[in-house]
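Summary of structural features
Residue strings, one per chain:
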Amino acid sequence: MADLKAFAEQLVNLSVKEVNELAQILKEEYGIEPAAAAVAVAAGPAAAGPAAEEKTSFDVVLKNAGANKLNVVKVVKGETGLGLKEAKELVDGALSTVKEALAKDEAEALKKALEEAGAEVELK
């Protein structure tokens, strides 16, 4: 099993030139027309299986307010529309979700703002 995993990793990491050379060898030596397989290997593991749906909705989770808790509270207050007391409670309750179901760019922008304020944040 470990040998197959190592072999699969080698295949996934082939350059486009190497994939084309492999396809040529399979065709000439074994009569196999690997056009679809070559495309899947060249594109990486996601292309080999059914099309995976890209995640479109993200939750921003505050893991730790860090040393600048006041700045984090201000960002949370501004981004969520909560009152100061509620924003502080949310920050004090870290591990807590700041906002849910955001588009990727919105979630990344909020994550960046919180991290710049000193917080530790993750997207889920």
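Position numbers for residues count from 1 along each chain, tracking the sequence in the order it is written. Reporting of local features is limited, given that this is a predicted model, to residues whose pLDDT is at least 70; pairs of side-chain atoms are given and counted only at 80 or more, and all residues count toward the totals for whole chains, interfaces and linings. The side-chain values count all of the structure's non-hydrogen atoms but skip hydrogen atoms and water molecules.

Examining the overall build of the protein
- A run of DSSP states H or I qualifies as a helix once it reaches four residues; a run of E qualifies as a strand once it reaches two. Both are numbered from the N-terminal end. What the protein contains, in helices and strands, is seven helices and three strands.
- Sequence-ordered secondary structure for the protein, helices as α and strands as β, is α-α-α-α-β-α-α-β-α-β.
- When accessible area is computed with a 1.4 Å probe and restricted to protein chains, residues below 20% of their type maximum are described as buried, those above 50% as exposed, and intermediate ones as partly exposed. Per-residue burial over the protein gives 22% buried out of 124 residues.
- Pairs at least 24 apart in sequence give 63% of the contacts found in the protein among residues at least 6 apart.
- In these tables, accessible area is a Shrake-Rupley quantity obtained with a 1.4 Å probe, and a residue counts as shielded only by the protein chains included in the view. Only carbon and sulfur atoms are counted for the fraction: they give 54% of the accessible area of the protein, which is about 8,600 Å². Throughout, a residue-residue contact means that at least one pair of heavy atoms, one from each residue, lies within 4.5 Å.

What about the nonpolar core?
- With 19 residues, the main nonpolar core has Val72, Val76 and Leu114 as its most contacted residues.
- Going through the elements one at a time, strand 1 (58-64), helix 5 (69-80), helix 6 (84-92), strand 2 (96-102) and helix 7 (104-116) are the ones with two or more residues in this core.
- A per-element tally of this core places helix 5 first, with four residues.
- In contact with Val72, not counting residues within four places along its chain, are Leu62, Ala65, Val91, Leu114, Ala117, Gly118 and Ala119. Side-chain atoms within 4.5 Å are what join buried Ala, Val, Leu, Ile, Met, Phe, Trp, Tyr and Cys residues into a set we call a nonpolar core.

Re unusual backbone geometry
- The phi dihedral of Ala101 is positive, around 55 degrees, even though this residue is not glycine.
- With respect to the helices, strands and loops of the structure, Ala101 is situated in strand 2.
- Accessibility expressed as a relative area gives 55% for Ala101, which makes it exposed.

Notes on the pattern of salt bridges
- Here, a salt bridge means any side-chain nitrogen of Lys or Arg that lies within 4 Å of a carboxyl oxygen of Asp or Glu. Under the criterion given, the structure shown has six salt bridges.
- For the salt bridge of Asp92 with Lys69, the shortest nitrogen-to-oxygen distance reads 2.5 Å. Of the two residues, Asp92 sits in helix 6 while Lys69 sits in helix 5, which places them 23 residues apart along the sequence.
- Lys111 serves as the salt-bridge partner of Glu115, at 2.8 Å between the closest nitrogen and oxygen.

Focus: helix 7
- Helix span, expected: 1.5 Å multiplied by one less than the number of residues in the helix. With 13 residues, helix 7 extends 18 Å from end C-alpha to end C-alpha; this agrees with the ideal 18 Å at 1.5 Å per step.
- Taken together, the buried residues of helix 7 touch strand 1, helix 5, strand 2 and strand 3 (120-123).
- Backbone geometry just after helix 7 places Gly118 at a positive phi near 110 degrees.

Let's talk about helix 2 (residues 16-30)
- Here helix 2 spans 21 Å end to end across 15 residues, near enough to the 21 Å set by a 1.5 Å rise per residue.
- Gly31 sits one or two positions beyond helix 2 and adopts a positive phi of about 70 degrees.

A short note on the pairing of strand 1
- A pair of strands is labelled paired if DSSP reports no fewer than 2 bridges between them. Direction of pairing for strand 1 relative to strand 2: antiparallel, over a ladder of four bridges. What sits directly across from Val60, in strand 2, is Lys99.

Overview of a nonpolar patch on the surface
- Two distance rules govern patches: like charges are joined within 9 Å, and nonpolar side chains (Val, Leu, Ile, Met, Phe, Trp, Tyr) within 5 Å, applied only to residues with over 30% relative accessible area and no salt bridge. Residues Ile25, Tyr30 and Ile32 make up a contiguous nonpolar surface patch of about 330 Å² in total accessible area.
- By secondary structure assignment, the location of Tyr30 is in helix 2.

A word on the sheet that holds strand 3
- Read across the open sheet, the three strands follow the order 2-1-3; overall the sheet is antiparallel. What marks the edges here is a single partner per strand, and that holds for strand 2 and strand 3. The mean inter-strand angle of the sheet, taken between neighbouring strand axes irrespective of direction, is 20 degrees.
- As paired strands, strand 1 and strand 3 are joined by four bridges and run antiparallel to one another. Each residue of the ladder has a partner; that of Val60, found in strand 3, is Leu123. All axes here are fitted lines through C-alpha atoms, helices being fitted over the stretch that makes contact, and every angle between N-to-C directions spans 0 to 180 degrees.

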